[in-house]
Amino acid sequence: MMPTVAGAVPAKRNAWRPRVRRSVVTGVATIVALLVAWWLSTSVLGLVGPARFPSPEAFVAALQRIWTQGYAGGTLIEHVVQSVRLVFVGFLTAVAVGVPLGFLMGYDRRIEAFVNPVFLVLRPIPPLAWIPLAIVWFSLGDASKVFVIFVSAFVPSVINTYTGVRNVRKHLIEAALVHGASRGRVIREVYLPDASPMIFTGLRLSLQASWTTLVAAELVGAFLGLGRALQTAYRDVNTPMILVAMVAIAISGALTTILLARLEKRVIRWRAEA
Amino acid sequence: MTRAVPLWLYSLSSLVLFFGVWQGVTVLGLVSPFVLPSPVTVAERAIAMMQRPFAGALLWEHAFSSFLRFLGGFGLAAAIGVPLGLMMGRFRLLDEMVTPVFEAYRYVAPLAWVPFAALWFGTGVGGAIMVIFTGAFAPCLINAYRGARLVDKHLIEAAQTHGASEFRIATEVLLPGALPSIVAGLRVSAGLGWQSLIGAELIVVSSGIGYVMIQGQSNLSPQTVITAMLVIGLIGLLIDVGLRGVETAVRRKWEGQ
Amino acid sequence: MSEIVIDKVSKIFGDGGAKPFVAIDGVDLRVEDREFISVVGPSGCGKTTLMRMVAGLETVSRGEIRVAGKPVTGPGPDRAVVFQQFALFPWKTVRENIVFGMRSRGASREERDEAVTYYLRLMKMEGTADKYPHQLSGGMQQRVAIARSYATDPGVLLMDEPFGALDAQTRTIMQEELVRVSKGNPRTVMFITHSVEEAVYLADRVVVMGRNPGHIREVIDVASTRQAERWSEEPIDDVMEKPSFTHLRGQVWRLLREQMGADV
Ligand SMILES: Nc1ncnc2c1ncn2[C@@H]1O[C@H](COP(=O)(O)OP(=O)(O)OP(=O)(O)O)[C@@H](O)[C@H]1O
Ligand SMILES: [Mg+2]
């Protein structure tokens with residue numbers, strides 16, 4: 001690709017020269033500028049000391065070290081696999097329980113009336129506040145992490161599914177009924193598809209919450225995982241490794257989010273493009 | 001049509017069941033009190049913590065110091081996020097520059113900032129405020145941005161033709177126009193900020209209501225942990241109710257209900 | 001035999017509550033098997049409410065509605081509805097939408113494929129079977145909705161301002177097509193509209209309703225004139241210029257105008 005200078009895009013489009021959107025150019029330029037500023041202020045000018053923020057060289061060296069020799073009880077891959085695994089187990093369990101529950105609450109007012117009060121008591125407690133209790137109950141192993149991830153991912157799944165079902169368009173339900181659809185068909189062919197955009201919104205928020213909670217739980221105490229690497233790096237005042245762990249957390253989170261977005265696009269194919 | 005059973009009976013029975021089962025399993029000794037204390041034990045513990053200091057202070061003092069920190073971090077996030085979001089909605093170049101950086105930032109879980117926050121600002125108030133900030137910043141910015149984008153272009157042009165400066169456009173057109181969206185964002189961001197603070201207090205900050213939980217946990221006193229959880233939930237709820245009040249007021253004023 | 005009998009029917013919203021509202025008061029009407037009636041009346045006179053009660057989407061407060069001799073207790077595929085806002089399932093293709101009601105009665109695969117081909121040809125929409133509703137124009141969407149209801153093979157078709165959301169030209173085309181389609185597939189039809197021309201052009205009888213509370217003012221016969229002058233064999237514009245047509249239209253208009261006058 002041949003990047004063109006912003007604003008200087010030729011009016012006539014040439015087939016061999018794909019037009020690059022101005023926003024992409026500006027975005028890339030900003031990021032490059034930031035990277036250069038980072039390099040200048042740490043390595044070249046020494047404005048920021050290594051105990052505050054690492055230089056790019058130190059970052060690469062730390063990356064190499066955790067990749068090959070390992071750090072805080074595992075290599076980078078091992079930490080990533082551990083964290084992603086916990087997120088998936090906690091997230092999927094929460095979704096498997098939360099979506100059906102939210103669905104029932106939206107579908108039947110009696111179930112809503114029954115579940116809501118307990119929900120109202122427990123919901124204001126932020127998921128992270130469950131970490132100490134989880135440790136009391138399950139000690140520091142995987143189970144306590146899965147539990148708190150479950151708690152944090154559960155709420156958005158329930159609420160958004162509930163809202164989605166509540167807002168299923170009434171005239172579509174009626175259209176199904178007047179064409180003889182059974183209750184099962186109305187649920188499968190009207191409620192589920194019409195609520196699915198909201199359900200996916202809930203899944204996205206759940207996944208995001210899962211990562212936040214996992215990182216916190218692993219920082220509080222863990223034997224392996226990205227949060228554990230981050231915690232060890234902090235105790236060692238190893239700023240390059242702190243940055244490596246943060247970047248790894250961001251990339252892992254981004255990849256799982258993209259995976260979910262792919263799935264969403266597949267399921268909601270029928271939607272009009274914007 | 002009349003229902004056989006009124007809905008509120010379902011709600012009541014659910015609460016009775018919840019606390020009944022909790023009290024039941026603990027009184028019958030089905031679970032150890034070191035795993036799950038009974039509701040009564042928790043209530044007693046809460047009263048005790050209001051009268052005698054635990055981890056250096058009374059319960060409400062811990063809660064209050066956490067709340068003050070929250071206000072600091074949340075205020076900072078709003079003070080930076082909202083104007084930046086508004087400006088991004090107004091100036092395309094700024095939008096194009098900040099957006100990719102912001103997108104990358106959004107994938108970093110807020111608590112992952114704890115180490116840098118502690119190294120840069122210490123494990124006292126400074127570090128805690130930075131963690132709250134990183135948790136609360138994103139919704140402030142996004143909602144101000146969206147709100148600004150939705151402001152009628154004609155209003156901005158009308159202001160320009162009447163000779164308004166950029167500052168006056170920002171404060172007298174963009175800000176009021178985007179206010180409903182901004183307030184909605186503040187509510188989300190307050191929730192995230194409050195929870196980030198609790199996380200920070202669990203990890204490095206050795207004071208505040210989150211620290212009470214960690215102390216309770218290492219003292220093998222789950223009733224202390226649960227008391228703190230309830231206080232945290234209560235404060236979170238009060239923050240949300242307060243902001244919801246603001247949201248309703250703004251909406252009523254701007255949109256005529 | 002799918003005749004509709006509306007027997008002294010009233011509808012009171014919020015019955016038993018603090019503010020009951022009488023929407024329909026003592027309506028008596030019999031629609032013969034395979035008869036096409038249109039219903040006109042000022043806004044809020046209860047046309048939709050009446051139709052929804054026949055569909056079984058709304059309960060009857062007093063009186064009874066019978067279709068094919070059986071009292072209506074809920075919605076069913078013997079009384080398919082075409083809604084003003086089409087109500088196509090956005091997540092289903094044109095094909096899947098058309099066969100939705102057929103599947104309720106367990107139609108075989110061949111039967112369904114055949115119906116899709118038949119109705120798409122009838123609606124002049126060949127080649128759109130695998131499109132999603134959002135890829136179609138408003139007129140096409142409404143044709144699919146009509147095809148879906150016909151394919152369900154109901155004894156009774158209920159249409160609530162089905163052409164209300166269409167532009168004038170599309171609307172005229174749709175009116176002609178509806179006449180053509182109903183000629184080949186006669187059903188008992190209750191057709192609600194705000195357009196007096198449309199009501200007179202399509203129906204065997206025009207039911208004029210009044211409001212406060214909703215009631216039937218008069219029923220005007222069109223079938224005898226239509227048959228005598230063979231309207232259905234001529235283009236819509238020619239029909240609308242006939243003196244017999246303008247006469248009937250004027251009659252309905254006057255009834256409606258009186259309604260408006262009574263309001264002021
Ligand atoms: N669910 C409801 N609850 C209370 N009142 C209702 C309800 N549905 C309709 N009404 C009232 O009943 C009256 C008749 O409404 P309906 O929709 O049947 O009128 P309409 O003749 O179809 O009007 P339009 O021509 O505008 O579609 C109106 O006054 C309306 O406000
Ligand atoms: Mg109506």
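Keep in mind that this is a model prediction, so the values were computed, not measured.

**Q** Let's hear about the overall build of chain C: which residues, and what values?
**A** A tally of helices and strands in chain C yields ten helices and ten strands. A compact globule built from 264 residues should have a C-alpha radius of gyration of about 18 Å, and chain C, at 19 Å, falls within 12% of that. Over its C-alpha atoms, taken along the principal directions, chain C stretches across nearly 50 × 50 × 35 Å. Here chain C holds 264 residues, and the buried ones make up 55% of them. Contacts spanning at least 24 positions in sequence make up 69% of the contacts within chain C whose residues lie at least 6 apart. For chain C, the exposed area adds up to about 11,600 Å²; of that, 48% sits on carbon and sulfur atoms. Separation between the mean location of the 35 positive side-chain charges and that of the 37 negative ones in chain C comes to 3 Å.

**Q** Account for the domain arrangement of chain A, naming residues and giving values.
**A** When the parts of a complex come together, some accessible area is lost, and that lost area is often used as the size of the interface. Partitioning chain A into domains gives domain 1 (8-48) and domain 2 (59-267). A straight line from the C-alpha centre of domain 1 of chain A to that of domain 2 of chain A covers 35 Å.

**Q** Can you tell me about the sheet that holds strand E10 (residues 215-221) of chain C, naming the residues and giving the values?
**A** Residues and elements named next belong to chain C. Overall, mixed pairing links the six strands, which are arranged E6-E7-E8-E3-E9-E10 in an open sheet. Two strands lie at the open edges of the sheet, namely strand E6 (79-82) and E10, each paired on one side alone. Within the sheet, the average angular offset between the axes of one strand and its neighbour, ignoring direction, is 20°. Sheet analysis places strand E9 (residues 205-210) next to E10, joined by six bridges and oriented antiparallel. Each bridged residue has a counterpart across the sheet, and for Val206 the counterpart in E10 is Ile220.

**Q** I'd like a description of the interface of chain A and chain C, backed by residues and values.
**A** Chain A puts 21 residues into the contact, and the matching count from chain C is 25 residues. Both sides of the chain A and chain C interface together cover about 1,900 Å² of buried area, and 65% of this is carbon and sulfur. The largest contributions to the chain A side of the interface with chain C come from Val178, His179 and Trp270 of chain A, which together make up 37% of the buried area. At the junction of chain A with chain C, the criterion picks out three salt bridges.

**Q** Go over the site of ligand 1, please, and point to the residues and values.
**A** Residues and elements named next belong to chain C. By nearness alone, every residue bordering ligand 1 is listed as Phe13, Phe21, Ala23, Ser43, Gly44, Cys45, Gly46, Lys47, Thr48, Thr49, Glu161 and His194. One of the side-chain N or O atoms of Lys47 is found 2.7 Å from an oxygen atom in ligand 1. His194 places a side-chain nitrogen or oxygen 3.0 Å from an oxygen atom of ligand 1. Contributing elements (two or more residues each) for the shell around ligand 1: strand E2 (21-31) and helix H1 (47-55). Of all the elements, H1 adds the most residues to the shell around ligand 1, at three residues. The residue makeup of the shell around ligand 1, split by class, is four nonpolar, six polar and two charged.

**Q** Break down helix H7 (residues 153-161) of chain B for me, citing the residues and quoting the values.
**A** Residues three or four positions apart in an α-helix share a direction because the helix packs 3.6 residues into each turn. Where H7 of chain B begins, the side chain of Asp152 of chain B points an oxygen toward the backbone nitrogen of His154 of chain B, at a separation of 3.1 Å. Of the residues flanking the end of H7 of chain B, it is Gly163 of chain B, one or two places downstream, whose phi is positive at about 75°.

**Q** Hey, could you go over the side chain of Gln141 of chain C for me, with residue numbers and the actual values?
**A** Residue and element names in this part refer to chain C. Locating Gln141 in the fold gives a position in helix H5 (residues 138-151). Overall, the relative accessible area of 17% leaves Gln141 in the buried class. At 3.2 Å, the side chain of Gln141 forms a polar contact with the backbone oxygen of Leu136. Here Gln141 is in contact with Phe86, Leu88, Pro133 and Leu136, once residues within four sequence places are set aside.

How each quantity is defined
Residues numbered from 1 in each chain as written. Chains lettered and ligands numbered in written order. Predicted model: local features only at pLDDT ≥ 70, side-chain atom pairs only at ≥ 80, totals over all residues. Heavy atoms only, no water. Helix = DSSP H or I, 4+ residues; strand = E, 2+ residues; numbered from the N terminus. Rg over C-alpha atoms; globule rule 2.2 N^0.38 Å. Buried < 20%, exposed > 50% of the residue type's maximum accessible area, 1.4 Å probe, protein only. Contact = heavy atoms within 4.5 Å. Areas by Shrake-Rupley, 256 points an atom, 1.4 Å probe, with all protein chains shown as cover. Lys, Arg positive; Asp, Glu negative; His and termini not counted. Charge placed at Lys NZ, Arg CZ, Asp CG, Glu CD. Domains from an automatic or database assignment. Pairing = 2+ DSSP bridges. Axes fitted to C-alpha atoms, helices over the stretch in contact; angles between N-to-C directions. Buried area = accessible area lost by both parts, 1.4 Å probe. Salt bridge = Lys/Arg side-chain N within 4 Å of Asp/Glu carboxyl O. Near = heavy atom within 4 Å. Polar contact = N/O pair within 3.5 Å; in protein donor to acceptor, adjacent residues only side chain to side chain. Nonpolar A, V, L, I, M, F, W, Y, C, P; charged D, E, K, R; others polar.

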